Amino acid sequence: MKRRDSIIRFESYSTLYMMKHLFFAFLIAVSFSACNETEVKVGAPATAKDLSISYAMVSNTYQGKEQSLNQFVIQNNSAGEFASNWTIYFNQTRTIIDKSVKGDVIITRINGDFYKIEPAKTFKTLPAKGQLSFSFETGAWIIKNADFPCGFYIVFKDSAGKDLAPEVLSNITYAPLNKPEQVNRTPNDSVAVPSAESRYEKNKMISDLSEDDYSPILPTPIHYKKEKGEFKISAGTIIYYNKGAQNEAKYLQEALKKLLRSELTTVEAKGNGIMLDLGAYKMDAVNGTPYELKVSDKGISIRANTPEGIFYGIQSLRALIPVADYNKNLGAVKVAACTVQDAPKFQYRGMFLDVVRNFHSKESVLKLLELMAFYKLNKFHFHLMDDEGWRIQIEALPELTEVGSKRGHTKNESDMLNPTCGSGPFADAAKSNGTGFYTQEDFIEILKFATERHIEVIPEMDFPGHARAAIISMKARYNKYSKSDPAKAAEFLLNDPKDVSKYNSVQNYNDNVVCVANESVYLFLDTVVAEISAMYEDAGIELKTIHTGGDEVPHGAWSASPVCIDFMSKSEQYKKPQDLFYYYVSRFNKILSDRKITTAGWEEIGLHKQMKDSVEMMSPNMDFISTNLTPYIWNTMWGWGNEDRGYKLANAGFKVVLCNVSNLYFDLAVDKDPLENGYYWGGFVDLKKTWSFSPLDMGKGISKDRMGHLLAPDYMKTLEALTPKGKSNVLGIQGQLWSETVKGKDLMEYMIFPRLMALSERAWTGDPSWKTQSDEDIAWNKFVNTLGKRDLPRLEYLAKTNSVNYRIPLPGAKIENDTLYANMEIPGFTIMYSLDNKTWTKYTTPVAVKKGAAVSLKALNFKGRESRVVKVIAK
């Protein structure tokens, strides 16, 4: 994942703020005592179920530095003592600072985010009902529950010193983050935690529009005109189509089947009913896949010059069906007469899904694809391998899934990977989101499903960094054959066993980079590419693009590898360790181009690094300009100076896809509320941030950095703008969901929706057309009215498995003059309020309340699913 939490700029802090927190250090000084002074009868030794752990993040900016102070309390709830024969394991995203631990324990980082707690020599036993307290510091800040340590389990030793089976520690409590020093990253953090009052103020410009005042279709079409009349689709309606549109006719037949409770007849001919007319259709000044949809009382026609255009017309037709009819199962639906003429702005309209950090099932992927198709997205970037796992079956290399697809408690990772992201000790897909993979049959099914919906699946093979799962798996293969067949053992080895290079990746791994000077690496890549290509062939699909990752190779990699040093000594072109990255890109690009596959990758594959005044500078790598590489631009944090990197690459001649973190990373939290899931290294990305993104003029509407500080007035002038040539090289945009904090289907859907609809709007329509703040407010109001009144309710019926756990926004509220006022960011939800958290009343108009009253509010969707509760107090 692209995460820069560990690359944070130092700011100076006031001595006053530093002194403010010295008292906290004293408060959490080590304690090791019984809960009471009465004698406790000693019982059986404590077990995992007898232990509870309390965690508190005490303060950010501890000792005036960019670090946090944290406290653990282990409670022995049993009548027996807790001896010193134990080790507790857990995952912690933030790096625990060496020698910062205070207490009778030792905390050791094993690798990545995986830590263990062991009793120090000063620890004897923890008596019945006793507590063990200890503190530690982490680099960077912790302002969200998503930052908290997780995945706790314990391993006891028997009397002979042998490890017993791991046991999950489930009694874990976390102290809330509600003080300024807990929710602010620095004393100068200007981003506020949203309150009911601030939400109310933000929502004030939203009004309840009539259906004639907003588009019935998302993404918004170029031209929509409502006509007189309507057409009734019923069991007797026939779907007509001409040659080449048979797949689209079948798709429409299936889409209407559930709605109508009958299967419509499809006929290859012209006729009145629903006509899918594939032919020579054009729209003025529009390229790509235009379509025209006409509804009259005589019938429905969809015209396009490509099957994709017919398909997009079908989605617009489905969007025109009254949302209430999806819920009624009437057997017939009426579609209002209209004319729609439409085409996409960008040819690349993508969604990225990471299934490595936390695995997501085949069913979840198919559901996402179904909804992507409805919103006319056409690229699915499938992140299948990374440090934390390998998720696709490769028959020639079974170790990749036998070892690399599993995470759990392991002595040496010969059988599985260490736990990460809180995945726990058990390599069981039913118990852990850390384990799982797609069989070849699964993957082929996904390919076919996507292709039927005109979505291209772009698999990612993340190398040469982020390759730890593959490296560990091939080490297991090496060990399996090293004695019986040394040549076979070394055939696919990805590391140099004698490499002593010192490096630390962004995710804190010290062994996640392949030895790019080793020929076995390219045999491995070729073997994997061959099998993935074969799966596409079995699905009857052309493999057009493979994404190579190529990001975040840590400084220091390859510097002390004998194999790499020998290679560099013999090379005329590659003399420095950092040069070996370009060698890898060239070699992998050759493997793919020989198969007529385009090489994509994160922005690094198109960049050249050089040092200038001890600062690493990056510029377009003109050596690769003619190699058909497609960089995906991600690291565009405002204020860091990289915002125009994608524009520079496009202007230089690279075809690029914009994946800008500040607008399109759906794993980032929507706001600073500690309970809102997600990271925030790139700021906060709410629905409007995605919707308002201007791909070809990304500075439009931007005024602040991630800390809420105003950018310099002339900051935009320092950035390179797109040239006309550069604009033509922007293929499109892509939303990203990295999965470190995303465990399970519900959280996956919560993080994606409704931001995916905003992504669709921008990918299809291009840069926003507004010129003033008033114009933007009007456009935003129309968008959220369409979203809340049509699209979110419809989500309950579009997906194959029904019901999408989209995020329900929290109500805004204020109490003024003893009167409660409430509103929503998205119209269409019901607001409920309560004065006692027991009796809930529907809010329709302002409500009189008594001074001092604490009012709770929540939002309900039309099926009764609730948002979190917010509170406002009458002062």
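As the structure is a prediction and not an experimental result, all values here were calculated from the model.

**Q** Help me out: how do you make sense of the overall build of the protein chain in this one?
**A** Scanning the protein chain for helices and strands turns up 22 helices and 36 strands. For a compact globule of 875 residues, the expected C-alpha radius of gyration is about 29 Å, and the protein chain comes in at 29 Å, within 12% of that figure. Overall, the protein chain is about 85 × 80 × 55 Å in size when its C-alpha atoms are taken along their principal axes. With 875 residues in all, the protein chain has 59% of them scored as buried. Counted over contacts in the protein chain with a minimum sequence separation of 6, partners at least 24 positions apart contribute 77%. Accessible surface, the protein chain as shown: approximately 35400 Å² in total, 51% of it carbon and sulfur. Treating the 107 positive side-chain charges of the protein chain as one cloud and the 104 negative ones as another, the clouds have centres 3 Å apart.

**Q** Explain the sheet that holds strand β17 (residues 332-342) to me, please; I cannot follow it from the model alone.
**A** The strands making up a sheet associate through backbone hydrogen bonding, with each pair oriented either parallel or antiparallel. What the seven strands build is an open sheet, ordered β11-β17-β15-β16-β14-β12-β13; its pairing is mixed. The open sheet has two edge strands, β11 (223-234) and β13 (265-268), and neither has a second partner. Strand-to-strand twist across the sheet, computed as the mean angle between neighbouring axes with direction ignored, equals 20 degrees. Relative to strand β16 (residues 299-304), strand β14 (residues 274-278) runs parallel, the two being bridged by five bridges. Opposite D277, over in β16, you have R303 as the bridge partner.

**Q** Whenever I open this one, the nonpolar core confuses me. Can you help?
**A** Generally speaking, soluble globular proteins have nonpolar side chains that are buried together. With 182 residues, the main nonpolar core has L276, F463 and F524 as its most contacted residues. In contact with F463, not counting residues within four places along its chain, are M385, W390, A470, L494, V514, F524, L525, T548, G549, G550 and Y584.

**Q** Please explain the packing of aromatic side chains as it appears in this structure.
**A** To describe a pair of aromatic rings, one takes the distance between the centres and the angle between the planes. Taken as a whole, this structure holds 48 aromatic pairs when the rule is applied. Taken together, the ring pairs in this structure connect Y55, F72, F90, Y115, F134, F136, F148, F152 and Y174 into an aromatic cluster. For R453, the ring lying beneath its charged end belongs to F449, and the centroid distance is 3.5 Å. For the cation-ring pair, K858 lies above W840, with the distance from its terminal atom to the ring centre recorded as 4.1 Å.

**Q** Just checking my understanding: could you explain helix α16 (residues 645-652) for this structure?
**A** Along an α-helix, a turn takes 3.6 residues, which lines up residues three or four apart on a common side. Across the eight residues that make up α16, a large majority, seven, are buried. Along α16, the positions that sit buried rather than exposed are R645, G646, Y647, L649, A650, N651 and A652. Buried-residue contacts for α16 involve β25 (607-612), β26 (615-620), β27 (629-633), β28 (656-658), α19 (724-728) and β29 (730-737). Within two residues after α16, G653 carries a phi angle of roughly 120 degrees, on the positive side.

**Q** Could you clarify how one ought to interpret the pattern of salt bridges in this entry?
**A** Pairs can form between side chains of opposite charge whenever their charged atoms are close. A full pass over the atoms with the stated rule returns 45 salt bridges. A salt bridge links D594 to K590, with the nearest nitrogen and oxygen atoms 2.8 Å apart. For the salt bridge of K688 with E776, the shortest nitrogen-to-oxygen distance reads 4.0 Å. Of the two residues, K688 sits in helix α18 (residues 687-691) while E776 sits in helix α22 (residues 773-798), which places them 88 residues apart along the sequence. Owing to a relative accessible area of 14%, E776 belongs among the buried residues under this scheme. Connected through salt bridges with shared partners, the residues R199, D673, E676, R807 and R868 form a single ionic network.

**Q** When you look at the packing of helix α8 (residues 362-374) against helix α10 (residues 440-452) in this model, what are you seeing that I'm missing?
**A** A pair of packed helices is characterised by two quantities: the angle between their axes and the separation of those axes. Where α8 meets α10, the axes come as close as 10 Å, and the angle between the chain directions of the two elements is 10 degrees. When the interaxial angle is binned, α8 and α10 end up roughly parallel. Packed against α8, whose contacting residues are K362, V365, L366, L369 and E370, the element α10 presents D442, E445, I446, F449 and A450 at the interface.

**Q** So what exactly am I meant to see when it comes to the sheet that holds strand β36 (residues 870-873) here?
**A** Read from one edge of the open sheet, four strands run β33-β32-β35-β36, paired in antiparallel fashion. Unpaired on one side and paired on the other, β33 (841-842) and β36 mark the two borders of the sheet. Judged from the four bridges that link them, strand β35 (residues 854-860) and β36 form a sheet pairing that is antiparallel. Looking at β36, one finds that V855 is bridged to V872.

The rules behind the values
- Residues numbered from 1 in each chain as written.
- Predicted model: local features only at pLDDT ≥ 70, side-chain atom pairs only at ≥ 80, totals over all residues.
- Heavy atoms only, no water.
- Helix = DSSP H or I, 4+ residues; strand = E, 2+ residues; numbered from the N terminus.
- Rg over C-alpha atoms; globule rule 2.2 N^0.38 Å.
- Buried < 20%, exposed > 50% of the residue type's maximum accessible area, 1.4 Å probe, protein only.
- Contact = heavy atoms within 4.5 Å.
- Areas by Shrake-Rupley, 256 points an atom, 1.4 Å probe, with all protein chains shown as cover.
- Lys, Arg positive; Asp, Glu negative; His and termini not counted.
- Charge placed at Lys NZ, Arg CZ, Asp CG, Glu CD.
- Pairing = 2+ DSSP bridges.
- Axes fitted to C-alpha atoms, helices over the stretch in contact; angles between N-to-C directions.
- Core = buried A, V, L, I, M, F, W, Y, C linked by side-chain atoms within 4.5 Å.
- Phe/Tyr/Trp six-rings, centres within 6.5 Å; stacked < 30°, edge-to-face > 60°.
- Lys NZ or Arg CZ within 6 Å of the ring centre and 35° of its normal.
- Salt bridge = Lys/Arg side-chain N within 4 Å of Asp/Glu carboxyl O.
- Parallel < 35°, antiparallel > 145°, perpendicular 65-115°, else oblique.

Taken by themselves, the reported measurements are silent on function.
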